[in-house]
Amino acid sequence: MHFNKRYAYALIFVSSLLLTGSSGFRCSSDDDSKNKNKNSSGGETDIRVRVGDEQKISADSGGFNGNLDDGDQFGSAIADPGDLEVDGVRDLAVGTPFNDDDGSDEGAVWILFMDDDGRVDQQQKISSNAGSFGGDLNDDDLFGSAVAGIGDLNNDGAFDLAVGVPGDDKGGTDRGGVWILFLDAEGKVRQQQKIADDAGGFGGNLDDDDRFGSAVADIGDVNGDGIPDLAVGSPNNDSGSDNAGAVWILMMQADGKVDAWQKVSDSAGGFNGNLDADDHFGAAITGIGDLDNNGVPDLAVGVPGNDKGGTDRGAVWILFLNAEGKVQQEQKIADDAGGFGGGT
């Protein structure tokens, strides 16, 4: 496996900014010694990211006219679902997991139709009683804790969305779930499909408090069937030890159901890295494209409770996948590991 680690790690960070349409972030190679950083080999890198301009979106700024209440925590998750209204500007989906529309902390997602100045042109709320959502939400579901654009999954000409519901109680307390939302051009839900314990074609084993759906990512077409697949975090999964965490690779169908699945954890999916109690592997996930150029997309997984170098300093695992969703190789990035020299 041949790739330049120094630029691969920089690519993961910078591409995450650029893919969200953040054109105000600039990479620069200006000869400014004050802004150069040491790399793992002791040399200097001149890759810098600077904010060119900024626009806040909140209850009273940025053109947002939606109703937010105390404790809603608007902005807990953010995704680029694509250009829903086809005006040439990419839009946003924003999670508000503590929204109380029909019950305490049921959650909501706001679809923001954006202007090219970073302000909101109009908005559409999706919750238990808004946005034509026909799914069932209950107290403490935390719908909107994670959000991911998944392209046009059903090929109807409109972009779709995956929304994590880690507090869902299907099958048992806080086992979690994911809602696949098929949207229309107004940001309303045409149709929805729930993925949870024994629902939506998913037959993986979930236990109480796994919190499946705490993180969700579109990772690309893993199995080569032309349909984008998902990675879903279960950071409280107890494989190996308490709250070590797990990630589920879901091979999707165009109707939003799961065709096949693969668990990746301390004891499953070909993962050979070491996970300990309270690591919470799977608390954050992002697809990173085909980093090793083997024809299968790869994955970055957050492990905020990892103790490399000290208590809860955290880590990221880069997972190189095969077409079955299993890990063929992994690389840990942490305090003084994986070429990372930043102080934690």
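About the criteria used
- Residues numbered from 1 in each chain as written.
- Predicted model: local features only at pLDDT ≥ 70, side-chain atom pairs only at ≥ 80, totals over all residues.
- Heavy atoms only, no water.
- Helix = DSSP H or I, 4+ residues; strand = E, 2+ residues; numbered from the N terminus.
- Buried < 20%, exposed > 50% of the residue type's maximum accessible area, 1.4 Å probe, protein only.
- Areas by Shrake-Rupley, 256 points an atom, 1.4 Å probe, with all protein chains shown as cover.
- Contact = heavy atoms within 4.5 Å.
- Polar contact = N/O pair within 3.5 Å; in protein donor to acceptor, adjacent residues only side chain to side chain.
- pLDDT = per-residue confidence, 0-100.
- Phe/Tyr/Trp six-rings, centres within 6.5 Å; stacked < 30°, edge-to-face > 60°.
- Core = buried A, V, L, I, M, F, W, Y, C linked by side-chain atoms within 4.5 Å.
- Patch = residues over 30% accessible without salt bridge, like charges linked within 9 Å, V, L, I, M, F, W, Y side chains within 5 Å.
- Salt bridge = Lys/Arg side-chain N within 4 Å of Asp/Glu carboxyl O.
- Lys, Arg positive; Asp, Glu negative; His and termini not counted.
- Charge placed at Lys NZ, Arg CZ, Asp CG, Glu CD.
- Pairing = 2+ DSSP bridges.
- Axes fitted to C-alpha atoms, helices over the stretch in contact; angles between N-to-C directions.

(A) Just the overall build of the chain, in detail. Secondary structure assignment for the chain yields one helix and 20 strands. With 344 residues in all, the chain has 51% of them scored as buried. As displayed, the chain has an accessible area near 15,100 Å², and 42% of this comes from carbon and sulfur atoms.

(B) Representation of the environment of Asn129 in the model. Mapped onto the fold, Asn129 is located in the loop between strand E8 (120–126) and strand E9 (146–149). Spatially, the C-alpha atoms of Asn129 and Ala108 are 9.6 Å apart, while their sequence positions differ by 21 residues. When neighbours within four sequence positions are excluded, Asn129 is seen to be in contact with Asp101 and Asp102. Here Asp102 takes part through its side chain, which lies 3.4 Å from a polar atom of the side chain of Asn129.

(C) View of the confidence of the model for the chain. Confidence in the prediction for the chain averages 90 pLDDT; 86% of positions are at 70 or higher. The low-confidence segment residues 1–27, where pLDDT is below 50, has 41 contacts with residues more than four positions distant or belonging to other chains. Ignoring residues within four places in sequence, the model shows residues 29–35, a span with pLDDT below 50, making six contacts including any to other chains.

(D) Structural view of unusual backbone geometry. Backbone geometry at Asp198 places phi at a positive 60°, although glycine is not the residue there. One can find Asp198 in the loop between strand E12 (189–196) and strand E13 (215–220). For Asp198, a relative accessible area of 64% gives the class exposed. Residue Asp312 is not a glycine yet carries a positive backbone phi of 55°. Take Asp312: it is sitting in the loop between strand E18 (299–303) and strand E19 (315–321).

(E) Main features of the packing of aromatic side chains. Counting across every chain of the model gives nine aromatic pairs. Connected via pairs of aromatic rings, a cluster forms that spans Phe202, Phe212, Trp248 and Trp261.

(F) View of the nonpolar core. Counting 25 residues, the largest nonpolar core has Ile249, Phe281, Leu299 and Leu319 as its most contacted members. Of all the secondary structure elements, the ones that give two or more residues to this core are E13, strand E15 (246–252), E18, E19 and strand E20 (327–334). Among the elements that take part in this core, E19 stands out by supplying four residues, more than any other. One finds Ile150, Ile195, Leu206 and Val258 within the second-largest nonpolar core, a separate group that totals 20 residues.

(G) Quick look at a negative patch on the surface. Taken together, Asp207, Asp238, Asp242, Asp276, Asp278, Asp307 and Asp312 make up a surface patch of like negative charges. Tracing the backbone through its elements, the reader meets Asp307 in the loop between E18 and E19. The class for Asp307 is partly exposed, based on a relative accessible area of 42%.

(H) Geometry of the sheet that holds strand E14 (residues 229–234). Spatially, four strands are ordered E13-E14-E15-E16 in an open sheet, and the strand pairing comes out antiparallel. Sheet topology places E13 and strand E16 (258–265) at the edges, where each strand pairs with a single neighbour. Recorded for the sheet is a direction-independent mean angle of 25° between the axes of neighbouring strands. Relative to E16, E15 runs antiparallel, the two being bridged by seven bridges. Residue pairing for E16: Val247 is matched across the bridge by Val264.

(I) Expanded view of the pattern of salt bridges. Using the criterion set out here, one finds nine salt bridges in the structure. Overlapping salt bridges bring together Asp174, Asp209 and Arg211 as one network.

(J) Layout of the pairing of strand E10 (residues 160–164). Taken across its five residues, E10 has five buried, putting it largely inside the fold. Covered by surrounding structure in E10 are Asp160, Ala162 and Gly164 together with Leu161 and Val163, the residues of both alternating faces. Here four bridges tie E9 to E10, and the two strands are oriented antiparallel to one another. Residue pairing in the sheet places Gly149 in a bridge with Leu161 of E10. Across five bridges, E10 lies against strand E11 (residues 177–183) in antiparallel orientation. Paired with Ala162 across the bridge in E11 is Ile180.

(K) Here's a closer look at the environment of Ala185. With respect to the helices, strands and loops of the structure, Ala185 is situated in the loop between E11 and E12. By relative accessible area, Ala185 is classed as partly exposed at 44%. C-alpha separation for the pair Ala185 and Leu84, spaced 101 residues apart in sequence, amounts to 5.3 Å. Aside from chain neighbours lying at most four places away, what touches Ala185 is Leu84, Glu85 and Phe113.

(L) Geometry of the side chain of Asn243. Inspection of the secondary structure assignment puts Asn243 in the loop between E14 and E15. Judged by its relative accessible area of 19%, Asn243 is buried. In this view, Asn243 contacts Asp209, Pro235, Asn236, Asn237, Asp238, Asp278, Asp279 and His280; residues no more than four positions away in its chain are not counted.

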